[in-house]
Amino acid sequence: MKVDFGNVAKNYARYRNDLPAELLEGLKRRGIVFNNKKIADLGAGTGILCRALQQVGAAVVGVEPSLELIEQAKEIDEKEGYMIEYVNAYSENTCLVEDAYDIVTVLRAWHWFDAEKTLAEIKRILKDDGSLIVIDSGFLSKSKVVGDTLEIIKKHMPDGKLKSAGSKSNAKQMINSFPVEWFKEWREHQFDLQETYKFHYNVTFSNEEWCGRVGSLSWLSGFNENDRTDILEELFTFLEENYKGVKHNIEHGCYVAVLNRV
């Protein structure tokens, strides 16, 4: 099934904004300074990490292949008073100036990249002593409402299965949610792993908000609008019948890999 995040851009902007404060605080505790640093955020989506980085003094540019997601990012920026530059390009060919960036960040996107081409491009734009920070996050499947939700989505998938996204789909072993193959690729391209770690955080959703969050998932981006609407209406009806008035406190995991160029 083809993934097109432009199809779910509005849901992504509204319901995929769970960036915990602990993320930048944890990186700061590990000696990573963002103030006055030039940062390229690849797969920037609707700009959530870009805005957080600008808040702590970084000069950040967001690189994003989906025009629809960039449009949503700019709408949010205008409402919240941010001035962030976005480049409509892929991570494999960013069109950015070479040897110019102190840090490259990637949030919830590495699994969509062509790793070989992206790593070559990162080395082109990154300074010799620069850093690569790869971050992933998502809800955990421990709670009953998550399990119920996944069963409903699964019924509509072509093969009745929910596969991991992108390059994660073929992974046999994970370390902090990252396929072991990624660590090998990073090392082969002269990126030295400094640390990888994880932490958990909670996000609260009403039934309507949970449907919005589900509507942003890559699994649904391959459906046409009518089919997506039907799936989400089925989910909302189920939630109202079984969880009416409930606030869902959904546990999420955040996973970080910090690498230095060598």
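Structural notes, computed from the coordinates.

Conventions and cut-offs
Residues numbered from 1 in each chain as written. Predicted model: local features only at pLDDT ≥ 70, side-chain atom pairs only at ≥ 80, totals over all residues. Heavy atoms only, no water. Pairing = 2+ DSSP bridges. Helix = DSSP H or I, 4+ residues; strand = E, 2+ residues; numbered from the N terminus. Axes fitted to C-alpha atoms, helices over the stretch in contact; angles between N-to-C directions. Contact = heavy atoms within 4.5 Å. Left-handed = near helix turned anticlockwise from the far one by under 90°. Core = buried A, V, L, I, M, F, W, Y, C linked by side-chain atoms within 4.5 Å. Buried < 20%, exposed > 50% of the residue type's maximum accessible area, 1.4 Å probe, protein only. Parallel < 35°, antiparallel > 145°, perpendicular 65-115°, else oblique. Nonpolar A, V, L, I, M, F, W, Y, C, P; charged D, E, K, R; others polar. Salt bridge = Lys/Arg side-chain N within 4 Å of Asp/Glu carboxyl O.

1. Quick word on the sheet that holds strand 9 (residues 248-261)
Pairing in this open sheet of 7 strands is mixed, and the strands run 3-2-1-4-5-9-8 from one edge to the other. At either margin of the open sheet sits one strand with a lone partner, and together these are strand 3 (85-87) and strand 8 (191-205). Across the sheet, the axes of successive neighbouring strands diverge by a mean angle of 20 degrees, strand direction being ignored. Of the strand pairs in this sheet, strand 8 and strand 9 are connected by 14 bridges, and their pairing is antiparallel.

2. Details of the environment of phenylalanine 236
Inspection of the secondary structure puts phenylalanine 236 in helix 10 (residues 225-242). Along the backbone, phenylalanine 236 and asparagine 207 are 29 residues apart, and their C-alpha atoms lie at a distance of 6.7 Å. Residue contacts for phenylalanine 236: discarding those within four places in its chain leaves Asn207, Glu208 and Cys211.

3. As for the packing of helix 6 (residues 144-156) against helix 10
Running from N to C, helix 6 and helix 10 point in directions that differ by 145 degrees, and their axes come no closer than 10 Å. Viewed along their axes, helix 6 and helix 10 form a crossing whose handedness is right-handed. From helix 6, Val145, Asp148, Thr149, Ile152, Lys155 and His156 reach across to helix 10, where they touch Ile231, Glu234, Leu235, Phe238 and Leu239.

4. Focus on the nonpolar core
Counting 50 residues, the largest nonpolar core has Leu23, Leu27, Phe34, Trp210 and Val256 as its most contacted members. When neighbours within four sequence positions are excluded, leucine 27 is seen to be in contact with Ile32, Phe34, Ile133, Tyr197, Val256 and Val258. In terms of nonpolar packing, the next biggest core, distinct from the first, is built from 30 residues, Phe113, Leu132, Trp182 and Trp186 among them.

5. Some words on the packing of helix 8 (residues 207-215) against helix 10
Packing of helix 8 against helix 10 brings their axes to within 10 Å, and their N-to-C directions diverge by 150 degrees. Relative to helix 10, helix 8 is oriented roughly antiparallel. Read as a crossing pair, helix 8 and helix 10 show a hand that is right-handed. Counted together, Asn207, Glu208, Trp210, Cys211, Val214 and Gly215 of helix 8 and Leu232, Leu235, Phe236, Leu239 and Glu240 of helix 10 form the full contact between these two elements. Along the lines of polarity and charge, the residues of the contact of helix 8 with helix 10 split into 7 nonpolar, 2 polar and 2 charged.

6. Re the pattern of salt bridges
Within the structure shown, the criterion is met by 11 salt bridges. For the salt bridge of lysine 155 with glutamate 234, the shortest nitrogen-to-oxygen distance reads 2.8 Å. Taken as a pair, lysine 155 in helix 6 and glutamate 234 in helix 10 lie far apart in primary sequence, 79 residues in all. For lysine 155, a relative accessible area of 58% translates into the label exposed. One salt bridge connects lysine 244 with glutamate 240, and the closest N-O pair in it is separated by 3.0 Å. On the accessibility criterion, lysine 244 (63% relative accessible area) is exposed.

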